[in-house]
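Residue-level structure breakdown
The chain contents come next:
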Amino acid sequence: MRKNLTRGAAILGAGFISHSHAEALRYCGVRICAVVDRTEDAARAFAEKWGIETYGTSEELLFSDEVSSVHVCTPPHTHYRIVKKLLNAGKHVLCEKPLCLVPEEAEELSALADSLGLTCGINLNVRFHQMSDRMKELVCGRDFGSVRLVHGQYLQQFHLLPCPYGWRYIPEAAGPMRAVTEIGTHWFDIIQYITGQRITEVSALFGNFHPQRVVRDGVMYSPAIKDGEKTKALKKGNNGALVDSCDNKICREAEETVTVTSEDAALITFRLSGGAIGSVTLSEVSHGYSNYLSYEITGDHMTAGWNSQENNSVYFSSGSGQKTVESDGFGNGFNDSFRRLIQSFYFGSADTGLPSCPTFQEGAEIVRICSAVYESAVKSGGWVQV
């Protein structure tokens, strides 16, 4: 284990992704000594599930002497303030993406972490899928040639209406974007990691398909649903769960109208530092896709690709030959990639043979890309330098 990371870890935030952090920490043998959340009940439930002795709502628990590292699993708008405070207290930090909402703040955190000699990382776990190593080997090999074309997609269905209304739809908490910062960050990172090149210029178009929405009992609907369909939709809820059984009159009385300004989907074209061109489709409203990330890279002599639904395989072709598929029967999935990231963060890539954990510097680069994408979308797709 890396020096000064031996005392114990604390987790800030007790939401969905925090459980993945806790599971990976337990798997890697790292003691979790505290969890902090904005509500006492959530912190208590999390602590009971994972056998954590210390929990509460006070951030001061993170600064205990027994805490050497902190996993920041809170909404993006909180990152800059708390990460800066943790770094100045000498704590190592693993932060959920994006590192910040403002490029200048991300650069400041990156420089501060370097100046203090602290180990800091970003949760961009896609590069830790086992076949990512094989993809990098192919693309960076002599037989591949110069990278010319990169394209892919990241598709999800979690924001299809009706769906829960939460902080991701509130700009003050999530920032001005949603699909780009939630899932685009992973796609940008894996492309830069595999190719060894930087995204230098972007052009983007956003789709916000239902700016005005109705919220009832914490569930968000399109106001275009006809009255006769409201009760049916409300009863079904998200993912088929029973949400409410009120009649239309009560529903109309209880509903709240909200304005959503972030994007449901984005089309992004870009240029890489080596001269290649690329594109990606990001969507959080694509039916039938729980979590589908794919990318394909074409060089002078070969094309290679990977996707998360067949994550234990890569494919490649050279010349006019047929596609070759390589599969690993002992490959891994999401939880394994998370464990490998935690291993790399705590034990180091040199000792584990794993990819390096994405650094704050790399996290700051992703923030710059996202910021440029937003600027381009506001300019109706105009090209913006990263």
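Anything mentioned here points back to the structure above.
Residues numbered from 1 in each chain as written. Predicted model: local features only at pLDDT ≥ 70, side-chain atom pairs only at ≥ 80, totals over all residues. Heavy atoms only, no water.

Looking now at the sheet that holds strand β3 (residues 54-56). Reading across from one edge, β3-β2-β1-β4-β5-β6 is the order of the 6 strands in this open sheet, with parallel pairing throughout. A single partner strand is all that each edge strand has here, and the edge strands are β3 and β6 (120-122). Across the sheet, the mean angle from the axis of one strand to that of its neighbour is 15°, orientation sign disregarded. Pairing analysis gives 4 bridges linking strand β4 (residues 69-72) to strand β5 (residues 92-95), with the strands arranged parallel. Along β5, the bridge assignment pairs Val70 with Val93. Contacts from helix α10 (residues 334-347) reach β1 (9-12), β4, β5 and β6 within the one sheet, and its direction differs from that of β5 by about 160°. (Pairing = 2+ DSSP bridges. Helix = DSSP H or I, 4+ residues; strand = E, 2+ residues; numbered from the N terminus. Axes fitted to C-alpha atoms, helices over the stretch in contact; angles between N-to-C directions. Contact = heavy atoms within 4.5 Å.)

By size, the foremost hydrophobic cluster in this structure holds 74 residues, and its most contacted members are Leu87, Phe188, Ile268, Tyr295 and Phe360. Excluding residues that lie within four positions of it along the chain, Leu87 makes contacts with Val93, Leu109, Leu112, Ala113, Leu116, Leu118, Cys120 and Phe360. Counting residues in each nonpolar core, the second largest holds 25 residues, with Leu5, Ile11, Ala24 and Val30 among its members. (Core = buried A, V, L, I, M, F, W, Y, C linked by side-chain atoms within 4.5 Å. Buried < 20%, exposed > 50% of the residue type's maximum accessible area, 1.4 Å probe, protein only.)

So, on to the sheet that holds strand β17 (residues 313-318). Strands sit in the order β18-β17-β16-β15-β7-β14-β13-β9-β19 across an open sheet of 9 strands; the sheet is mixed. At either end of the open sheet lies a strand with only one pairing partner, and these are β18 (324-327) and β19 (384-385). Here β17 pairs with β18 via 4 bridges, running antiparallel. Bridge assignment links Phe316 to a residue of β18, and that residue is Thr324. Strands in contact with helix α7 (residues 179-195) are β7 (147-155), β9 (199-207), β13 (265-272), β14 (277-283) and β15 (292-299); relative to β15, the strand with the most contacts, it is inclined by about 35°. Relative to β9, helix α12 (residues 360-378) is tilted by about 50°, and along the sheet it contacts β9, β13 and β19.

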